[in-house]
Amino acid sequence: MRSLKETPISFQKALKLLKVGEVVALPTETVYGLGASIYSGKGLKKIFQVKKRPVWDPLIVHCYDVKQAKSLIKGDIFLAEALWAYFSPGPLTVVLPKNSKVSPLITAQAETVALRIPSHPLMRRILKALNQPVAAPSANLFGETSPTKASHVLSSFSGRIPVLDGGDCKIGLESTIVQPDSIKKELLILRPGFISKEDIKNFLEKKKHPWKIMRGGKTFSQPGGFSKHYAPGVPLIVVESGKSLKAIEGFLFKKYPSKKVKFLKLSSSPQITARYLYHQMRVLSEDKKNIICVCKRSFPKYGKGFWPAIWNRLEKASSRTIILP
Ligand code: TXA
Ligand code: MG
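From a predicted model like this one, the values you see are computed outputs, not experimental measurements.

Undergrad: Is there a simple way to explain the overall build of the chain in this structure?
TA: The helix and strand tally for the chain stands at 11 helices and 13 strands. Its C-alpha radius of gyration of 20 Å places the chain within 12% of the 20 Å reference for a compact globule of 325 residues. For the C-alpha atoms alone, the extent of the chain along its principal axes is close to 60 × 55 × 35 Å. Within the chain, buried positions represent 55% of all 325 residues. Once local pairs closer than 6 in sequence are excluded, the contacts in the chain between residues at least 24 apart make up 73%. Of the charged side chains in the chain, 54 are positive and 22 negative; the average position of the first set lies 3 Å away from that of the second.

Undergrad: Please explain the site of ligand 1 as it appears in this structure.
TA: By nearness alone, 24 residues border ligand 1, and Thr30, Asp57, His62, Ser175 and Ser221 come closest of all. Relative to its free-state accessible area of 680 Å², ligand 1 is covered by the protein chains to the extent of 97%. Looking at the shell around ligand 1, the elements with two or more residues in it are strand S3 (60–62), strand S5 (112–116) and strand S8 (186–191). By residue number, the principal contributor to the shell around ligand 1 is S5, which donates 3 residues.

Undergrad: Any chance you could explain the sheet that holds strand S10 (residues 236–241) here in plain terms?
TA: Hydrogen bonds between backbone groups are what pair the strands of a sheet, and the pairing can be parallel or antiparallel. The parallel open sheet is built from 4 strands, whose spatial order is S11-S12-S10-S13. Looking along the sheet, the strands with just one partner apiece sit at the ends: strand S11 (260–263) and strand S13 (320–324). Direction aside, the axes of adjacent strands within the sheet are offset by 30° on average. Across the sheet, helix H10 (residues 270–285) lies against S10, S11 and strand S12 (290–296), angled at about 145° from S12, the strand it touches most.

Undergrad: Just to check I follow, could you spell out the side chain of arginine 124 for this structure?
TA: Along the chain, arginine 124 turns up in helix H6 (residues 121–130). Here arginine 124 sits buried without a salt bridge, and the closest side chain of opposite charge, aspartate 65, lies 6.4 Å off (N-O distance). Not counting residues within four places of it along the chain, the set of residues in contact with arginine 124 comprises Tyr64, Pro89, Ile117, Pro118 and Ser119.

Undergrad: I would appreciate a short explanation of the pairing of S8 in the present structure.
TA: For a regular strand, the rule is simple: side chains alternate between the two faces of the sheet. Across the 6 residues that make up S8, a large majority, 5, are buried. Pairing analysis gives 5 bridges linking strand S7 (residues 176–181) to S8, with the strands arranged antiparallel. When the sheet's bridge partners are listed, isoleucine 177 is paired in S8 with arginine 191. Count of turn residues in the S7/S8 antiparallel hairpin: 4 residues, of which lysine 185 carries a positive phi of about 55°. Read from S8 through helix H8 (residues 197–206) to strand S9 (residues 212–214), the crossover connection turns out right-handed.

The rules behind the values
- Residues numbered from 1 in each chain as written.
- Chains lettered and ligands numbered in written order.
- Predicted model: local features only at pLDDT ≥ 70, side-chain atom pairs only at ≥ 80, totals over all residues.
- Heavy atoms only, no water.
- Helix = DSSP H or I, 4+ residues; strand = E, 2+ residues; numbered from the N terminus.
- Rg over C-alpha atoms; globule rule 2.2 N^0.38 Å.
- Buried < 20%, exposed > 50% of the residue type's maximum accessible area, 1.4 Å probe, protein only.
- Contact = heavy atoms within 4.5 Å.
- Lys, Arg positive; Asp, Glu negative; His and termini not counted.
- Charge placed at Lys NZ, Arg CZ, Asp CG, Glu CD.
- Near = heavy atom within 4 Å.
- Areas by Shrake-Rupley, 256 points an atom, 1.4 Å probe, with all protein chains shown as cover.
- Pairing = 2+ DSSP bridges.
- Axes fitted to C-alpha atoms, helices over the stretch in contact; angles between N-to-C directions.
- Salt bridge = Lys/Arg side-chain N within 4 Å of Asp/Glu carboxyl O.
- Right-handed = clockwise from strand over helix to strand, strands pointing away.

Spelled out as structure tokens, the structure:
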């Protein structure tokens, strides 16, 4: 990784910058976010500019508590309140009809806003002391791998963005995003994450909410031709195969003789895999001769719990999938 002249800033400095409407990279339990007060037009514009993010891709708003989140929305929020009571603070983002307090800059002119109540202690201290919600996308250049360490943020923006260092992100993948449809009583999962489909199903059953979980909803950055996301700096190839690891390695070394084939290590624990996934991708991207490979085996466990979120990111980050019978 690039050598870094800048060092992370103190809590007081971060708070001071946010108070004057500036942009600061902040730790969350999922990934680092590039944050600004939702009331700073200057800060919101700067987020899009420094991240090179298209203006049609809306931002997630981070709130200290349910009361603050409720002050930004309208309409029937019965299920959202129940979800927050059960899962928050934590890695769950809920998309809801917005009210006029939420700038169209945040929502890309849409009528909904994505809200999350994070659990990282330092982020919570910031939100409490600032007493304003903070808009924050992941603190990486658009389309690239999200940062899970302060050093990743410093490296991505060459030290130009001040970072509040909250240590390594415990979860390591972006939050689960859901959107309730109060009329149809359907809950769409727009992006899988640590809070899994099974967790949500258990919640609905336990609390006796007769809602259906639906797939197929999309975040703004998903539709149509735009699929390049979470990508490392070198090609990433997913190999689907039931063959032995040795046989797969042999095939890849032959297929890419001029490249250095590097394998991503997946732990049998999805929590450990997710925590180190983006860091591994960054480290393996440093040498531009590398290609990163990851083997998707047909184990049933990959379809459950946190694994679908991990494979969702790997498949989006990959430049191709090879199927080896
Ligand atoms: O864990 C996370 O969610 C991290 C941390 C920093 O909180 N944030 C994050 O933000 O991943 P970002 O901007 O990288 O991803 C947010 C996703 C984008 O795909 C965006 O299109 C979608 O949320 N999104 C935002 N507002 C939306 C809305 N109103 N409706 C549907 N999708 C929305
Ligand atoms: Mg992102």
